[in-house]
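Fold and contact review
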Amino acid sequence: MATIASNLQAVRAAILESAVSAGRKADDIALLAVSKTFPADAVREAFAAGQRRFAESYVQEVLPKMEALKDLGIEWHFIGPIQGNKTRPIAENFAWVHSVDRLKIAERLSEQRPAGMPPLQICLQVNISGEDSKSGVAPEEIFRLAQEVARLPSLVLRGLMAIPAQSGEAMAQRAAFAELRRLYERLNGQGLALDTLSMGMSDDYPSAIAEGATMVRIGSAIFGKRNYQEGKA
Ligand SMILES: *Cc1c(COP(=O)(O)O)cnc(C)c1O
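Residues numbered from 1 in each chain as written. Predicted model: local features only at pLDDT ≥ 70, side-chain atom pairs only at ≥ 80, totals over all residues. Heavy atoms only, no water.

Topic: the site of the ligand
Our working definition: Being near a molecule or strand, for a residue, comes down to having at least one heavy atom within 4 Å of it. Polar contact is defined as a pair of N or O atoms within 3.5 Å, subject to the rule that within protein one atom must be able to donate a hydrogen and the other to accept it, and that residues adjacent in sequence are counted only when both atoms are side-chain atoms. For every accessible area listed, the method is Shrake-Rupley and the probe measures 1.4 Å; residues are considered covered only by the protein chains on display. Gly is put with the polar residues, along with every residue not named as nonpolar or charged; the nonpolar set is Ala, Val, Leu, Ile, Met, Phe, Trp, Tyr, Cys and Pro, and the charged set is Asp, Glu, Lys and Arg.
As a structural note, the neighbourhood of the ligand is formed by Val34, Lys36, Ser57, Ile79, Ile163, Met201, Ser202, Arg217, Ile218, Gly219, Ser220 and Arg226. Between Ser202 and the ligand, the recorded distance is 2.5 Å, taken from a side-chain N or O atom to an oxygen atom. A distance of 2.9 Å is found between a nitrogen atom of the ligand and a side-chain nitrogen or oxygen belonging to Arg217. Protein chains shield 91% of the accessible area of the ligand, which is 390 Å² for the free molecule. For the shell around the ligand, the per-class residue count stands at 5 nonpolar, 4 polar and 3 charged.

Here we look at the pairing of strand β6 (residues 155-161)
If a strand is regular, its side chains alternate between the two faces of the sheet. So the rule is basically this: Buried residues are those whose accessible area, probed at 1.4 Å on protein chains only, stays under 20% of the maximum for their type, while exposed residues exceed 50% and partly exposed ones sit between those limits. Helix and strand labels come from DSSP, where a helix needs a run of H or I of at least four residues and a strand needs a run of E of at least two; each type is numbered from the N terminus. In this analysis, strands are considered paired if DSSP registers two or more bridges between them. The handedness of a crossover follows from its direction of travel: if, with the strands pointing away from the viewer, the path from the first strand over the helix to the second runs clockwise, the crossover is right-handed.
With 5 of 7 residues buried, β6 is to be regarded as a mostly interior element. Sheet topology places strand β5 (residues 120-125) next to β6; 6 bridges connect them, and they run parallel. Bridge pairing in β6 links Leu124 to Leu160. Once you follow β6 into helix α7 (residues 170-189) and on to strand β7 (residues 196-198), the crossover reads as right-handed.

Side note on unusual backbone geometry
One non-glycine residue, Thr37, lies in positive phi territory at about 75 degrees. Its place among the elements puts Thr37 in the loop between β1 (30-34) and α2 (40-48). Residue Thr37 is classed as buried on the basis of its relative accessible area of 8%.

Everything listed here is a matter of coordinates, which is why it stays silent on function.
So, in structure tokens, the structure goes:
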């Protein structure tokens, strides 16, 4: 039977293989384990197998989980949609936020980041071609948003994130990742020092790695199928 540890091993091996075939180093690709909807025990199991970075999408769900796991020293990443009235617990509890898509949210996160903590590491979510959710800034608006967010005192702008619509078409999938990479390169050409391309999930991370992903966000390939509906947690 597949266990979390054996799934993790398989994912790490697949990351290595994709990296090698793209002429990249596996060390340049960070694995984020997406533990939303899975209990604290599952996170503990992955941690015991060497996983240190975990990502969550729902604030209500994650706070008790963080409390139960606070002995571990996990690096927590927030990847879900952000409501204006939910920024404080995110600013106070996470190391990274990947889903910032408007200035107002970034300003609140910066204001609410506690003084004693390191700055919050930020990726801007882009609504890249074919994205099936309403989240994310439009590609043509990313340049202005990035410059504004880069100036906020308690944030560090690290890069871009996208969730392209799942497509049976490997080429369409890759094209969306390539588009995100081009935006990232253009931003760096404008003087931003971005180092993070957060793209690739369980079904498509090999193509994301081929297009330059530096962080892949993997849930079901590690923890199994999520069996209650997203958004209810
Ligand atoms: C749930 C989620 C993932 C992980 O999805 P899997 O298909 O289970 O790997 C990655 N990124 C975001 C933003 C998510 O919400």
